[in-house]
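# Secondary and tertiary structure notes
Here is how the chains run, residue by residue.
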Amino acid sequence: MNTTLQYKLHSGKNSKAAYYMQAALRDMLPDKLFRQRLEGELGRCAELYDAGYIQDRVDYYCKLKTPTTLCADAEQIGQLQRKGNPSTYYYDSREALQWFNPQLLWHYLFGDVREIPAEPTVVKSRSTETDNTNSVLLKLDRCRHFVYIHDHLQPEEKEDRAIFRGHIGTRENRALFCRMFADNPRVDAADTIPGSTEGRKHTSQSKPMMSFYEHLRFRYIMALEGNDVASNLKWIMSSHSVAVMPKPTCETWFMEGRLQAGVHYVEIRADFADLEEKMDYYSSHMEELKAIVDNANRYVAQFRDWRRERYIALLVMQKYFKMTNQ
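For the structure given in this document, a descriptive report is provided here. The structure presented is a predicted model; accordingly, all values stated were derived computationally and were not measured.

Cut-offs used in this document
- Residues numbered from 1 in each chain as written.
- Predicted model: local features only at pLDDT ≥ 70, side-chain atom pairs only at ≥ 80, totals over all residues.
- Heavy atoms only, no water.
- Helix = DSSP H or I, 4+ residues; strand = E, 2+ residues; numbered from the N terminus.
- Rg over C-alpha atoms; globule rule 2.2 N^0.38 Å.
- Buried < 20%, exposed > 50% of the residue type's maximum accessible area, 1.4 Å probe, protein only.
- Contact = heavy atoms within 4.5 Å.
- Areas by Shrake-Rupley, 256 points an atom, 1.4 Å probe, with all protein chains shown as cover.
- Lys, Arg positive; Asp, Glu negative; His and termini not counted.
- Charge placed at Lys NZ, Arg CZ, Asp CG, Glu CD.
- Pairing = 2+ DSSP bridges.
- Salt bridge = Lys/Arg side-chain N within 4 Å of Asp/Glu carboxyl O.
- Axes fitted to C-alpha atoms, helices over the stretch in contact; angles between N-to-C directions.
- Parallel < 35°, antiparallel > 145°, perpendicular 65-115°, else oblique.
- Nonpolar A, V, L, I, M, F, W, Y, C, P; charged D, E, K, R; others polar.
- Left-handed = near helix turned anticlockwise from the far one by under 90°.
- Phe/Tyr/Trp six-rings, centres within 6.5 Å; stacked < 30°, edge-to-face > 60°.

Time to look at the overall build of the chain. Within the chain, the regular secondary structure consists of 13 helices and 12 strands. What you see for the chain is a C-alpha radius of gyration of 21 Å, in line with the 20 Å of a compact globule of 326 residues. With respect to the three principal axes, the spread of C-alpha positions in the chain is 60 × 40 × 40 Å. Counting the 326 residues in the chain, one finds 53% classified as buried. Contacts in the chain between residues at least 24 apart in sequence constitute 68% of all its contacts with a sequence separation of at least 6. Surface summary for the chain: the accessible area is close to 15,600 Å², and the carbon and sulfur share equals 50%. Of note, the chain has its 45 positive side-chain charges centred 5 Å away from the centre of its 44 negative side-chain charges.

Below, the structure written as C-alpha cells:
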C-alpha cells in the first residue's frame, strides 16, 4: 500500500462519503416537513437544555442588537442552490435554513472570510480584531473543521517536541515558522506539498502529510492560522497533546475568541521567539500542562451534542431574521 493511500485511509479526518450521503438524503426531504416541526423542536429543546447557556452562545454567534432592514440585493433563503456554491457550505447552511419560510431574506458569504461585511451576513469565519457584529456565524464546512480524535497517550508519555505540518502557500506566518525551526531538533516543521514552489521558496523542509494519529506522539502541536482559523485546532484540543499558537485573530463556530491562554492552549508570541521557552516551562510543570489538556477536552465536548448544536443554529437564524425586520 503506498503512502498516499495509507494517509487517505488512516488520516483521522471525517469521512466525506458518509457526510455527503447523510447530507444529500436530508436535502431530498421536503422542506415543508421541517417547517411544520420547527415550533415543536424548539419547544422540546428548550426543555432539554440550559437556557442561559443556549442564549449565551446564540448571542455570541449573532451579535445583532439593533433591528435593521437588509438592502435590496438580499436573497431569499429558498433560492440557495448547490450549483455554484461549495457543497459542504450548501449542505451545512441548508440544515438550518430548511426549517424556515423560503421567502425570508439573507446575505451569505461562503469560504474563508476575515473581512467584516457591510450588511448582516452569515459566514463561517470572522475577524476577532475589530467590530464583527455584521458577521453572523454558522457551523459551516464542519466535516473538515469539526474533527475529534481518540488519544491513548498521556502528555507525559509523548515526545517533548513540537510538530507542524501544513500547506504554506502564501501564509507568511507558516513560512516564518518553518524557516525558524527548519534545523531545530525539538521541532518537526514542514510544508506538506513536497517539491512545491511555495515549499522550495520558504524552506528546505517539505514532507508528505502526516495523519492526525501520527501527530499524537508529540507533546506540542502547532495550530497556525491559515486563510482564517487553524483548522487543526479542534482535533488537537480533543487529544492529550497541547495546542500551541499565538493569540487567535479569527474565529468560527468554535468560538476561538473565547479561548484563554494558559487555560485552553499554550500561547506564544506572533514571531514564535518564545516557543522553546514555553515548551521548557510546561514540560517541567506537567500538572499545569495536564490541566490545559483537561480544560481543552472539556471545551471541545460542548460541540459534540448534535441536537443541541442544531438547536443553537436554529435560534441563531431565528434571531438573524428577527433582527433584520422579518
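Taking strand neighbours across the sheet as the criterion, the 3 strands line up as β3-β4-β6 in an open arrangement whose pairing is parallel. Only two strands of the sheet have a single neighbouring strand rather than two, namely β3 (108–109) and β6 (135–137).

Take the pattern of salt bridges next. In the structure shown here, the tally under the stated rule is 28 salt bridges. Ionic pairing is found between R179 and E172, a salt bridge with its closest N-O pair at 2.7 Å. R179 gets classed as partly exposed once you look at its relative accessible area, which sits at 40%. Under the relative-accessibility criterion, E172 is labelled partly exposed at 44%. Within this structure, R26, D92, E95 and R142 form a network of salt bridges that share partners.

Moving on: the pairing of strand β9 (residues 218–222). Each regular strand shows side chains that alternate between the opposite faces of the sheet. Among the 5 residues that make up β9, 5 are buried, leaving the element largely enclosed by the rest of the structure. Bridge count for strand β7 (residues 159–166) against β9 is 3 bridges, and the pairing is parallel. Across the sheet, the residue bridging to I163 is I221, located in β9.

Here N184 shows up in the loop between α7 (172–180) and β8 (187–191). You can call N184 buried: its relative accessible area is 15%. Taking the C-alpha atoms as reference points, N184 and D141, 43 residues apart in sequence, are found 35 Å from one another.

Take the packing of helix α5 (residues 87–97) against helix α13 (residues 306–323) next. If you want to describe how two helices pack, look at the angle between their axes and the distance between the axes. Contact geometry of α5 with α13 gives a least axis separation of 9 Å together with a crossing angle of 75 degrees. The angle between the axes of α5 and α13 places the two elements in the roughly perpendicular class. In this structure, α5 uses E95, A96 and L97 to contact α13, whose residues at the interface are R310, A313, L314, M317 and F321. Class assignment for the residues of the contact of α5 with α13 results in 6 nonpolar, no polar and 2 charged.

Close contact between helix α2 (residues 16–28) and α5 brings their axes to 10 Å; oriented N to C, the two are set at 50 degrees. The angle between α2 and α5 places the two elements in the oblique class. Here α2 and α5 pass one another in a crossing that is left-handed. The segment α2 lies against α5, with Y19, Y20, A23, A24, R26 and D27 engaging S87, T88, Y90, Y91, D92, R94 and E95. Split by residue class, the contact of α2 with α5 holds 6 nonpolar, 2 polar and 5 charged.

The next subject is the packing of aromatic side chains. With the rule as written, the count across this model stands at 22 aromatic pairs. Between F100 and F321, the ring centres sit 5.2 Å apart and the planes meet at 65 degrees, which makes this aromatic pair edge-to-face. A residue pair is termed long-range when its members are at least 10 positions apart, and F100 in the loop between α5 and β2 (105–106) and F321 in helix α13 qualify at 221 residues. Since its relative accessible area comes to 8%, F100 is described here as buried. Relative to F303, the ring of Y299 lies with its centre 5.8 Å away and its plane at 55 degrees, an arrangement referred to as tilted. Accessibility expressed as a relative area gives 10% for Y299, which makes it buried. By way of ring pairs, the aromatic residues Y19, Y20, Y90 and Y91 are connected into one cluster.

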